Amino acid sequence: MRGKGIHYDTGTFPNGDTSRPDFDADIVERDMRVIAQDLHCTAIRITGGDPDRIETAARHASAAGLEVWFSPFPCEMTDQQMLPFFADCAERAERLRRDGADVVLVTGCELSLFARGYLPGDTFDDRIPVLAGPDREAALKPVPGKVNAFLNDVVRTVRPRFAGRLSYASCPLDGVDWGPFDIVGLDAFRSLRNAATYRDNLRKEFTHGKPVAITEVGCCTFRGAGDHGGAGWYVAMEPDGVTPKPDLLRDEGEQVRHLDDLMPVFEDAGVDSVFWFTFAGYGTPHRVNGPDPDLASYGIVKILDEKSGYPLDTRTYPGMPWEPKEAFHSLADRYEALK
């Protein structure tokens, strides 16, 4: 495995809400050093809806010696709005590349779910119920054609602006034609729904004759979360989207077991790069007393706030707004062993 990576959110905006209200460049710089030195990553996928934030994090990541997967993540935008957004990010990624960084440009993420115009609904929360509704098949049928037509436009737009490798973070609904891209990018969450066919589906992605990257994979921090994969956050939360369900049992070992199950699959398949999802869930802090939003987090660190109940003098990384979970140490050990 060439790229031993982690996903890093600088702030995305589904439904118009931000996943990371606070963005401190000094904290980001320290994060990158920890990711490179202690987590033993060689690559990082930096996502977000604010190009300035992505570029800031990318420069700190490059300075820490990490390969940068520069990953603009537009939400609730139309195709017409996204094209200039991707053009801007391509120019930023190219400046970073010319400054000496090793950069891959990832032209969006799961457009069928996060962008407007592919599934019915003006917001992410409107579109998600369509997947479980009676009109699912009719709604999904035109999606691959629309996604590929737009991705062709995106590639034509960014190629003259960016001279490095291109990828895209896909979900199965997208049905991507990988011809225009240099690297196949898969948000490859495993759940009970796809567990029986997971290995075979992964092998099929190598028939394109291109490197295959796992751009997202992981699970939440409650007992049984691995059975739900990418839908764990949805399962864990009450309808208000803020309060975790009361019957969940916190289990950091769930993430470790999921990691231990899947990393050998990727190694055996010959995956080029893996980006575990995610470093931190900034909108779901861990709290010892009362409801614990971190149960719905995919982060391998737990975000701390004034209600978390962690004394400053017990912090593993003094001054940082997070503490490692068990999965942090497990992933670090595995990545170090892959040297």
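Just above, that's the structure.
These numbers were taken from a predicted model, which means no experiment stands behind them.

**Some words on the nonpolar core**
In terms of nonpolar packing, the biggest core is built from 98 residues, with Phe266, Trp276 and Phe279 touching the most fellow members. Not counting residues within four places of it along the chain, the set of residues in contact with Phe266 comprises Met1, Tyr198, Leu202, Ile214, Val217, Val271, Val274 and Trp276. Counting residues in hydrophobic clusters, the runner-up holds twelve residues, among them Cys219, Met237, Leu295 and Ala296.

**With respect to unusual backbone geometry**
The linkage connecting Phe277 with the following residue, Thr278, adopts the cis geometry, with an omega of 10°. Tracing the backbone through its elements, the reader meets Thr278 in the loop between strand 8 (273-276) and strand 9 (301-303). Unusually for a residue other than glycine, Glu110 sits at a positive phi of about 45°. Position of Glu110 relative to the elements: it lies in the loop between strand 4 (103-109) and helix 4 (111-114).

**Structural notes on the sheet that holds strand 8**
Read from one edge to the other, the open sheet built from eight strands follows the order 5-4-3-2-1-8-7-6, with strand pairing classed as parallel. The open sheet terminates on both sides in strands that have one partner only, identified here as strand 5 (165-169) and strand 6 (184-187). Each strand axis lies, on average, 25° off the axis of its neighbour in the sheet, ignoring direction. The sheet contact formed by strand 3 (residues 67-72) and strand 4 spans three bridges and is parallel. Across the sheet, residue Trp69 finds its bridge partner in strand 4, namely Val104. In this fold helix 1 (residues 25-37) packs onto strand 1 (3-9) and strand 2 (43-48), with an angle of close to 155° to the strand it touches most, strand 1. Together, strand 7 (212-217) and strand 8 form the strand contacts of helix 10 (residues 252-269), whose direction differs from that of strand 8 by roughly 165°.

**Thoughts on a negative patch on the surface**
There is a patch of like negative charges on the surface, built from Asp17, Asp122, Asp125 and Asp126. With respect to the element layout, Asp126 can be found in helix 5 (residues 124-127). The exposure class of Asp126 is partly exposed, given its relative accessible area of 42%.

**With respect to the packing of aromatic side chains**
Throughout the structure, instances matching the rule amount to 18 aromatic pairs. A ring pair is formed by Trp178 and Phe181, whose centres lie 5.6 Å apart and whose planes are at 65°; its orientation type is edge-to-face. Summarising the burial analysis for this pair, Trp178 and Phe181 share the class buried. For the cation-ring pair, Arg20 lies above Tyr282, with the distance from its terminal atom to the ring centre recorded as 3.8 Å.

Cut-offs applied
Residues numbered from 1 in each chain as written. Predicted model: local features only at pLDDT ≥ 70, side-chain atom pairs only at ≥ 80, totals over all residues. Heavy atoms only, no water. Core = buried A, V, L, I, M, F, W, Y, C linked by side-chain atoms within 4.5 Å. Buried < 20%, exposed > 50% of the residue type's maximum accessible area, 1.4 Å probe, protein only. Contact = heavy atoms within 4.5 Å. Helix = DSSP H or I, 4+ residues; strand = E, 2+ residues; numbered from the N terminus. Pairing = 2+ DSSP bridges. Axes fitted to C-alpha atoms, helices over the stretch in contact; angles between N-to-C directions. Patch = residues over 30% accessible without salt bridge, like charges linked within 9 Å, V, L, I, M, F, W, Y side chains within 5 Å. Areas by Shrake-Rupley, 256 points an atom, 1.4 Å probe, with all protein chains shown as cover. Salt bridge = Lys/Arg side-chain N within 4 Å of Asp/Glu carboxyl O. Lys, Arg positive; Asp, Glu negative; His and termini not counted. Charge placed at Lys NZ, Arg CZ, Asp CG, Glu CD. Phe/Tyr/Trp six-rings, centres within 6.5 Å; stacked < 30°, edge-to-face > 60°. Lys NZ or Arg CZ within 6 Å of the ring centre and 35° of its normal.

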